[in-house]
Amino acid sequence: MTCATGLFPPASRLRTPADFKAVFASSQRSSDSQFIILARVNGLPRPRLGFAIARNRIPAAVARNRLKRIVREYFRTHQDSLGGVDMIVMAQARADVNNSHKLRASLQKHWHKAALCAPS
């Protein structure tokens, strides 16, 4: 059984173009060899997650979907530490999609930076 903090309901997702535009317009950026993460305070009591993973960066659909599954899983299990932050995840072209340990280590670093930009 899943606990309430482990869910990923529609309210936890960036869904509209206006939500994405707001994050792209004014956000803090964090990047490494795996991801580029944009984070912005959203004024809500919960974090929200969106993806902008380009086909030219990760050409294989299987790899893009695997990457998104890993990020969603990490978000579900660590969203309590974020607070009210909107995040957009973008993949780097050299992201190692087959190494989930490296991806999770990268996400841990980005989550720490995003948590610092969230209001206390």
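Computed from a prediction, not measured in an experiment: that's the story for all the values here.

Procedures and definitions
- For every chain, the first residue of the written sequence is number 1, and numbering continues from 1 onward in sequence order.
- Per-residue local features of the predicted model are confined to residues with pLDDT of at least 70, and side-chain atom pairs are confined, for both listing and counting, to 80 or more; whole-chain, interface and lining totals are unaffected and use all residues.
- Values shown for side chains rest on all heavy atoms present in the structure; no hydrogens or waters enter the calculation.
- Every axis in this analysis is a line fitted to C-alpha atoms, fitted for helices over the stretch in contact. Angles between the N-to-C directions lie between 0 and 180 degrees.
- Secondary structure elements follow DSSP: runs of H or I no shorter than four residues count as helices, runs of E no shorter than two count as strands, and numbering proceeds from the N terminus.
- In what follows, roughly perpendicular refers to angles from 65 to 115 degrees, roughly parallel to angles under 35, roughly antiparallel to angles over 145, and oblique to any angle outside these ranges.
- Left-handed describes a crossing whose near helix is turned anticlockwise from the far helix through less than a right angle; right-handed describes the clockwise counterpart.
- In what follows, residue pairs with any heavy atoms lying within 4.5 Å of each other are defined as contacts.
- When residue character is reported, Ala, Val, Leu, Ile, Met, Phe, Trp, Tyr, Cys and Pro are called nonpolar, Asp, Glu, Lys and Arg charged, and the others, Gly included, polar.
- Only protein chains enter the area calculation, which uses a 1.4 Å probe; residues under 20% of their type maximum are buried, those over 50% are exposed, and those in between are partly exposed.
- By the criterion applied in these results, polar contacts are pairs of N or O atoms within 3.5 Å in which, for protein atoms, one can donate a hydrogen and the other can accept it, and in which residues neighboring in sequence qualify only through two side-chain atoms.
- Salt bridge, as applied in this entry: a Lys or Arg side-chain nitrogen positioned within 4 Å of an Asp or Glu carboxyl oxygen.
- We call a set of buried residues a nonpolar core when its members are Ala, Val, Leu, Ile, Met, Phe, Trp, Tyr or Cys and they connect through side-chain atoms within 4.5 Å of each other.

## Details of the packing of helix 2 (residues 61-78) against helix 3 (residues 100-117)
Stage number 1. Viewed as axis vectors pointing N to C, helix 2 and helix 3 meet at an angle of 45°, and their least axial separation amounts to 11 Å. By the angle between their axes, helix 2 is oblique relative to helix 3. Between helix 2 and helix 3 the crossing geometry is right-handed. Facing helix 2, whose interface residues are Arg66, Leu67, Ile70, Val71, Glu73, Tyr74, Phe75 and His78, helix 3 presents Ser100, Leu103, Arg104, Leu107, Gln108 and Trp111.
Stage number 2. Grouping the amino acids of the contact of helix 2 with helix 3 by side-chain chemistry returns eight nonpolar, three polar and three charged.

## Some points on the side chain of Arg48
Stage number 1. Inspection of the secondary structure puts Arg48 in strand 3 (residues 48-51).
Stage number 2. A relative accessible area of 13% places Arg48 in the buried class.
Stage number 3. A polar contact of 2.8 Å, which involves the side chain of Arg48, links it to the side chain of Asp86.
Stage number 4. Every residue in contact with Arg48, bar those within four places of it in the chain, is listed here: Ala11, Ser12, Arg13, Leu14, Asp19, Asn42, Phe75, Val85, Asp86 and Met87.

## What to know about the pattern of salt bridges
Stage number 1. Scanning the model with the defined rule gives five salt bridges in all.
Stage number 2. Residues Asp19 and Arg48 are paired through a salt bridge, measuring 3.6 Å at the closest nitrogen-oxygen approach. Placement of the pair is Asp19 in helix 1 (residues 17-25) and Arg48 in strand 3, with a sequence separation of 29 residues. A single burial state applies to Asp19 and to Arg48, both of which are buried.
Stage number 3. What emerges from the salt-bridge pattern is a single network uniting Asp19, Arg48 and Asp86.

## Some points on the nonpolar core
Stage number 1. The biggest cluster of nonpolar side chains holds 25 residues, and the ones touching the most others in it are Phe35, Leu49, Ile58, Val71, Met87, Leu107 and Trp111.
Stage number 2. Secondary-structure elements contributing two or more residues to this core are strand 2 (35-41), helix 2, strand 4 (85-91) and helix 3.
Stage number 3. Tallying contributions element by element places helix 2 first for this core, with six residues.
Stage number 4. Among the nonpolar cores identified, the runner-up in size contains seven residues, and Ile36, Leu38, Ile88 and Met90 belong to it.

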